[in-house]
Every structure is written in structure tokens, then in C-alpha cells.
2 protein chains.
Amino acid sequence: MKAAMFVEPGRMQTTEVPMPVIEKPTDAIIRILRACVCGSDLWWYRGISKREHGSLAGHEAIGVVQEVGPEVTAVRPGDFVVVPFTHGCGRCAACRAGFDGNCMNQEPGGNAGYQAEYLRFASADWSLVRIPGKPSDYSDERLNSLLALSDVMATGYHAAVSAEVKTGDTTVVMGDGAVGLCGIISARSLGAERIIAMSRHDDRQRMACEFGATDIVAERGDQAVERVMELTGGSGADSVLECVGTEQSTITALKVGRPGSIVGRVGVPQNSELNTTELFWRNIGLRGGIASVTTYDKNVLLDAVLDGRIEPGRVFTKRFDLDHIQQAYEAMDEREAIKSLIVVAEA
Amino acid sequence: MKAAMFVEPGRMQTTEVPMPVIEKPTDAIIRILRACVCGSDLWWYRGISKREHGSLAGHEAIGVVQEVGPEVTAVRPGDFVVVPFTHGCGRCAACRAGFDGNCMNQEPGGNAGYQAEYLRFASADWSLVRIPGKPSDYSDERLNSLLALSDVMATGYHAAVSAEVKTGDTTVVMGDGAVGLCGIISARSLGAERIIAMSRHDDRQRMACEFGATDIVAERGDQAVERVMELTGGSGADSVLECVGTEQSTITALKVGRPGSIVGRVGVPQNSELNTTELFWRNIGLRGGIASVTTYDKNVLLDAVLDGRIEPGRVFTKRFDLDHIQQAYEAMDEREAIKSLIVVAEA
């Protein structure tokens, strides 16, 4: 079967690899229909973080269950599913508390190889999210929105949930990548009245506004803080979503909120040490981390996509097939695509 | 009038100072009945933090309104009041959001001089908390519990609210000082089922259990983390209250929670830089800061004291008068008292 392989920084390749097989009774084999490239993939694609050369890539997909291990009973061969990057067991303290991204029983390193024709998926029973009907029942656009439920939409939603966005809030969203844009969708669906999007790219500003942003701030750093203070009458925002992860973005996020506000962050942090004493004196909270994909999909996001209330699939602005994996990464790397879709097989 | 003055580290003195007067139309003059010594006072008493020599001290009291400025209409001369260490205006974005400890209109340096016969209190209109009836209506014990509402009880409650303690939680409380003990009262009243108190002093362990602690952990650092993990079947706690502020206590607090838990902290932080990337990967939240004294008192704590549901006044284990202010500080410094009460005038 074909799979996307990381050759070296800046170079991806489609290669032939053996078909995956069931290794544990809790595994499933998924026939992938659509996959995509994540903003976090760019860290190793650009050589900023390390990744083993020759390793398979991708951690977002939708597909059809091909085969299940003997302990998998919640899904069956033929089921159409969202394939999350997370692998919650559904039973441990983290999963029960709604933090399946931190499942205490997950297999290390299990979330790679989704940019491929087939995938071995661990802890399949609870974490796969069944989609009603069959793939051919859905429009091209709806399939993309379902694909977004495997990571990017759930991650944007985690930022908003972590920031505790509530009805009537003025919310700042840091980052205009696909996650930030899904953060805007999420803030809106949680009731934010005013959404200030930090964005400096025309196409993304436009999409931000279509998703519900009411104000755009193109400045960065302290100038961005000043701008938010102007827009909020000197008070600061009620809630803040940090969807970038750089030091500058995190520090800005921690400055734009009013006392008592929470920064919900999902951008993988690039800096470690933070002066948290300043946060104490202003009662600023810091939460967030790995999204609870299965929890959010099953509880709210799948229904929202099926009802057409949210259309996160619109973040896919360029389409590729598995044979053009290099171009899919390049388009993201060069900001030609907000997010690159990879159509692996026709629905 | 008499007031407690900070002479130099380790030395307090009762001194004669001029009677305070109304300086702003929003001021009130309070005749103090009871005041007390705060754990945070020990930082400068011990010379660890700086304080101006010759400055007046204390930031917790109950008393009777003596005089009000022309813009103060919510309280009148003769009213019996809790005198918070905070000075919320009740109108700014912080106050409206329930964070009056960070009121955006507060007078800098306004919270000192409560260990005295009289006090000029700024922003009196909204922030003073009226107590029904007159001081002589209350028992000695009840007066102490009302005094606790000026800081320590509200601060413990802020830790629990910031940690988002909810029904059924297993909650860890770091710190067995008066604030930690009030944190235990608060966790219990917010529905925690199991409360693990970190305490290594007999008298405080006993009081912790009387207030609702179900388990005591005397270990510190990584041994304490291990102990909590044993007690929670390897999962970690659902919520964590940090009522100390030292680096060791904060780091321990951030390690004892399960994924998704929040550390609600009220201990004034003694360290600044924290590695928050580890928090990201475990979805651990960090919140807290200055308590919302007036908000909590008016919404829930005053009623809880008047109904006898909570008895935070029990943290006052030694009693002094204003002429023995040195002894009041010494008793706290030497851990002979959990908290030193100062009876300024008879009710």
C-alpha cells in the first residue's frame, strides 16, 4: 500500500509499505479516505523539531473500518469513522474527566501514518467516532468538515473550552492558521459576542470574519495588546485562545485578558519558562494542551457538522492526492494553503 | 489613637498616631473591633520581603462605620461591617466579572493600617460588607468567623473556586496554615468528597480533619506526589489548592493532579519562572491570585457564617490586644498560633 514518508526536512515521499495488520485485540485497521497536513507537521518538516527519517506521517483522517480486533465491539467493519489523533480508552481517570487526549492507557507513538491507504489504529473501541451512513451519502464539503473533526476542529474547540468562553464574552483568538480559525468557530458557538482575531493575512482575515470574527488586529506584541485594550475600553478580553505556541504569542495572550480571564492554549509551546508571578497578581489563568477529540466529537462537534451549524472543512483551501504529498506540505509551508487536504480514495 | 507599627524585621510596636479623616468622597472611617495577623505579614516581619520601617500594618478587620464620605450611600454610620483587604468599586470590568481583588479603580497601597483603633477605608460604598444587627448580637466565636471573612476565609475560597472544585472531587490542599484550613472548608462546601490535606503539624492536622479533610499527607516534594498517587489509584487529584506559595509547594501542586485538573493558587508566589510546557502536555491548569473578598462574602460566605454552616473563626488559636502586638506576631512567627486574633475593642 502507499504511504507518505518523511525523508528529511523539506522532503516528503510517497512510498510502498506493507499492509498494516491487527497487532493487539484492541486494534482496528482503517481504510483511509481523506487525510491532511497539520500545522504541527511543519515543525519537523522545517527541521525545527526532530523526527526519525523514513518514518510515516500524518495524524488526521476519516475512513472506513476494514477489520477489528476481538476486543473491539463499538465499531464494525464497514463503519464510516472519524479517525482522531488521540486514542482514548474511555475508562481511565483522564478519559472519564473528558481529557482523552491524555488517556493514561494510550500506546506511545501511536499517532502517525494516517497519510496512507491503510492504518493500524490502537484503542479503537472507544476512540473512533462513528459517522452515520456511508461516505457516499456526504457532499465533498461535508466530508472535509468531518475530516476536520479528527484534530483541527477539536483542537480549536479545546482552546475555547479551556479558556471557558461563555455567552456574551469578548474573546481574543491568537493565530489565524486552521486551528485559530476553528477557535473562532468554537468561540462563536460557545456564545462569544465579540471575537477579536489576531491575523495579518488577507485570505485568513476574510475567513476569520466569515467564521464569526468581529474585529481584526494585525499588530503583534505590545502593539497588539494596546489595540485590544483600545477595542475593549481598557478592560481586556474576557477569554483568550492561544493557537500559535510561540513565546511572543503566548506572552501577548497572557496580557490581553481582563483580571480573571483564562488563556486556553493549544499551540504546542515553543518556550518553556514563563513568569507566572505576573499572572498571579492579575488573576490570569493558563489552561490547555492536547485536545479531547473523541469527547468533543461525540458530545457536540459531530452533530454540529451533520446539522451544518459549523463548516470547519472550509479551512482546506488546497487539495492533493497521496502521490503529491510533497506539494501538499509545500503549500502549507509556503502559506499557499491554509490547510492541505489529501484525498486518498474516493468516497 | 493606637495603631500597630512595623519598626523593623522582628519588631512591632503599638504607637499613637493621628485619627484618620475622610480624604475622598468615597472613603469611610471605621472603628475597628477585631483585627488579626496574616501569614503574608510574616514575609516582611521576617525581613524576607521589604516594608517601609514605621509603616502601619494589618489588612483584616471587622468594625463599625464611624463616618462616611458624601458618595458613600450603601453603608451608614453605625453599620457593623466586614472590612475586606480589597477595595472593589463594583463597576469596573474586573469587579463585574467577580474579581474585585483586581479592581481597576483601586487606590494604590490602600490596604494597611487595619491593626488600629480607627481606619480610613477607600472605595467604601461597594466593598464594605454589611453584617446584620449589631456586634453585641454575636457570640465571641461568631465574631471571629466574621473577622475571617475579611481575608483568610475568602482567600481559601478563592483557591477552591479557582481550582474549580466540584461535587465528588478528590481535592488536594497544599498548606496547613489558616488559608489552607479555610481552603479545606471551601473544598468541602463546594462538594469535594475526598480532601487530602498536606500537613505536618499535629494541631493543624487535627483541625484539618475537623474541617473536612479525609486524608493527611505529611510528606513533601516527590514523596508527597507519590503518596497522593497511591491514595488516588495512580490517577491524581481532580482539583488542587495551593495555599503556600513556595516553589516546592507550587511544583508539587502541579504534579498531584490528574490530566485536566486545575491548581487554584492563593499563596503569594515566591518563585517566578515556571516550566509551563510540562503543564501543556498534561493539560494542567494554573489559576488564582488575589481573592474576590466582597463578591464571595456577599454571594455566599456571609450567609454561610451566619447560618453556622462554616466556622472559619476557629483558625484563631491565640488572642491578643493591641498593646501586645509584638506577641501576636511572635506567636504566628513561632507557629504557636495558627492565626493571632487582635481584640481592639469590645463588641
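Basis of the calculations
- Residues numbered from 1 in each chain as written.
- Chains lettered and ligands numbered in written order.
- Predicted model: local features only at pLDDT ≥ 70, side-chain atom pairs only at ≥ 80, totals over all residues.
- Heavy atoms only, no water.
- Helix = DSSP H or I, 4+ residues; strand = E, 2+ residues; numbered from the N terminus.
- Rg over C-alpha atoms; globule rule 2.2 N^0.38 Å.
- Buried < 20%, exposed > 50% of the residue type's maximum accessible area, 1.4 Å probe, protein only.
- Contact = heavy atoms within 4.5 Å.
- Areas by Shrake-Rupley, 256 points an atom, 1.4 Å probe, with all protein chains shown as cover.
- Lys, Arg positive; Asp, Glu negative; His and termini not counted.
- Charge placed at Lys NZ, Arg CZ, Asp CG, Glu CD.
- Axes fitted to C-alpha atoms, helices over the stretch in contact; angles between N-to-C directions.
- Parallel < 35°, antiparallel > 145°, perpendicular 65-115°, else oblique.
- Left-handed = near helix turned anticlockwise from the far one by under 90°.
- Nonpolar A, V, L, I, M, F, W, Y, C, P; charged D, E, K, R; others polar.
- Least-squares fit on C-alpha atoms with pLDDT ≥ 70 in both.
- Patch = residues over 30% accessible without salt bridge, like charges linked within 9 Å, V, L, I, M, F, W, Y side chains within 5 Å.
- Salt bridge = Lys/Arg side-chain N within 4 Å of Asp/Glu carboxyl O.
- Disulfide = S-S within 2.5 Å.
- Buried area = accessible area lost by both parts, 1.4 Å probe.
- Polar contact = N/O pair within 3.5 Å; in protein donor to acceptor, adjacent residues only side chain to side chain.
- UniProt positions renumbered as here; feature names shortened; annotations may be inferred.
- Domains from an automatic or database assignment.
- Phe/Tyr/Trp six-rings, centres within 6.5 Å; stacked < 30°, edge-to-face > 60°.

Let us look at the overall build of chain A. A tally of regular secondary structure across chain A gives twelve helices and 16 strands. On C-alpha atoms alone, chain A measures out to a radius of gyration of 20 Å, which is about the 20 Å that the 2.2 N^0.38 rule sets for 347 residues. For the C-alpha atoms alone, the extent of chain A along its principal axes is close to 60 × 40 × 40 Å. Across the 347 residues that make up chain A, the buried fraction comes to 60%. Relative to all contacts within chain A whose residues are 6 or more apart in sequence, the contacts with residues 24 or more apart total 70%. Only carbon and sulfur atoms are counted for the fraction: they give 46% of the accessible area of chain A, which is about 13100 Å². Charge-centre separation for chain A: the mean point of 35 positive side chains lies 2 Å from the mean point of 46 negative side chains.

To continue, consider helix H12 (residues 325–333) of chain A. Residues separated by three or four positions in an α-helix point in the same direction, a consequence of the helix having 3.6 residues per turn. Residues of H12(A) that are buried: Ile325(A), Gln326(A), Ala328(A), Tyr329(A), Ala331(A) and Met332(A). On its buried face, H12(A) sits against strand S1 (2–8), strand S2 (11–16), helix H1 (41–45), strand S15 (316–321) and strand S16 (339–343) of chain A.

The next thing to look at is the packing of helix H5 (residues 152–162) of chain A against helix H6 (residues 178–189) of chain A. Residue and element names in this part refer to chain A. The interhelical angle for the contact between H5 and H6, taken along N-to-C directions, is 55 degrees, at an axis separation of 7 Å. One way to sum up the angle between H5 and H6 is to call them oblique. Classified by chirality, the crossing of H6 by H5 is right-handed. Taken together, the residues of H6 that come into contact with H5 (itself represented by Val152, Met153, Thr155, Gly156, Tyr157 and Ala160) are Ala178, Val179, Cys182, Gly183, Ile185, Ser186, Ala187 and Ser189. Here the residues of the contact of H5 with H6 are counted per class, giving nine nonpolar, five polar and no charged.

So, on to the relation of the copies chain A and chain B. When chain A is fitted onto chain B, the two copies agree to an RMSD of 0.0 Å after a turn of 180 degrees and an axial shift of 0.0 Å. In the structure described here, the two chain copies are related by an operation that fits a two-fold rotation axis. Mapped onto chain B, 100% of the interface residues of chain A again fall at the interface, so both copies present the same surface.

What follows is about a negative patch on the surface. A cluster of acidic side chains, namely Glu273(A), Glu278(A), Glu273(B) and Glu278(B), defines a negative patch on the protein surface. When you line up the elements, Glu278(A) lands in helix H10 (residues 277–282).

Time to look at the state of the cysteines. Residues and elements named next belong to chain B. Taken as a whole, this structure holds zero disulfides over all chains when the rule is applied. Looking at the unpaired Cys92, the closest cysteine sulfur is the one in Cys95, lying at 3.8 Å. Cysteine Cys103 shares no disulfide, and the gap to the nearest cysteine sulfur, in Cys89, comes to 3.6 Å. Judged by its relative accessible area of 3%, Cys103 is buried.

A few words on the interface of chain A and chain B. Listed per partner, the contact involves 37 residues of chain A and 37 residues of chain B. Counting the surface lost from both chain A and chain B, the interface buries some 3200 Å², and carbon and sulfur atoms represent 56% of this. Counting across the chain A and chain B interface gives two salt bridges. Remark: the boundary between chain A and chain B carries 14 residue pairs in polar contact (both at pLDDT 80 or more).

The full count for this structure, using the stated rule, is 46 salt bridges over all chains. Between Asp215(A) and Arg194(A) there is a salt bridge, with the nearest N and O atoms lying 3.0 Å from each other. On the criterion of sequence distance, the pair formed by Asp215(A) in strand S10 (residues 215–217) and Arg194(A) in strand S9 (residues 194–198) is long-range, its members being 21 residues apart. On the basis of relative accessible area, Asp215(A) is assigned to the buried category, the value being 16%. Put simply, Asp323(B) and Lys2(B) hold a salt bridge, and the shortest N to O gap is 3.0 Å.

Look at the UniProt record and you will see "domain: Enoyl reductase (ER)" (unreviewed entry) annotated at residues 10–342 of chain A. Structurally, residues 10–342 of chain A comprises 31% helix and 24% strand, and the distance from its first C-alpha atom to its last is 18 Å.

Let's shift gears to the side chain of Ser55(B). Residue and element names in this part refer to chain B. By the element assignment, Ser55 lies in the loop between helix H1 (41–45) and strand S4 (61–68). Ser55 sits in the buried class, given a relative accessible area of 16%. Polar side-chain contacts of Ser55 include one of 3.1 Å to the side chain of Arg51. Not counting residues up to four positions away in its chain, the partners in contact with Ser55 are Ala4, Met5 and Phe6.

What follows is about the domain arrangement of chain A. Residues and elements named next belong to chain A. In terms of domains, chain A is made up of domain 1 (2–151 + 292–343) and domain 2 (156–288). Between the C-alpha centres of domain 1 and domain 2 the distance comes to 27 Å. Contact with domain 1, which involves 16 residues of that partner, is made by 16 residues of domain 2. Area buried by domain 1 at its contact with domain 2 is led by Tyr296, Arg314 and Ile338, which between them contribute 38% of it. Summed over the shared surface of domain 1 and domain 2, the result is one salt bridge. Looking at the side of domain 1 that touches domain 2 element by element, the count peaks at three residues for helix H11 (residues 293–306). Of the residues belonging to the side of domain 1 that touches domain 2, the class tally is ten nonpolar, two polar and four charged.

With that out of the way, let us pick up unusual backbone geometry. Residue and element names in this part refer to chain A. In the Ramachandran plot, Asn283 falls in the positive-phi region, its phi being about 55 degrees despite a non-glycine side chain. Tracing the chain through its elements places Asn283 in the loop between H10 and strand S14 (285–288). Residue Asn283 is classed as buried on the basis of its relative accessible area of 4%. Positive phi outside glycine occurs at Arg335, with the angle close to 60 degrees. Mapping Arg335 onto the fold places it in the loop between H12 and S16.

Two measures describe an aromatic ring pair: the distance that separates the ring centres and the angle between the ring planes. On inspection of all chains with the given rule, the structure shows 14 aromatic pairs over all chains. Arranged with centres 6.4 Å apart and planes meeting at 75 degrees, the rings of Tyr114(A) and Phe121(A) form a pair that is edge-to-face. Residue classification places Tyr114(A) among the buried residues on the basis of a relative accessible area of 0%. A ring pair is formed by Phe80(B) and Tyr138(B), whose centres lie 5.9 Å apart and whose planes are at 50 degrees; its orientation type is tilted. Highlighted residues: Phe80(B) in strand S5 (residues 80–83) and Tyr138(B) in the loop between strand S7 (129–131) and helix H4 (140–148), separated in sequence by 58 residues.

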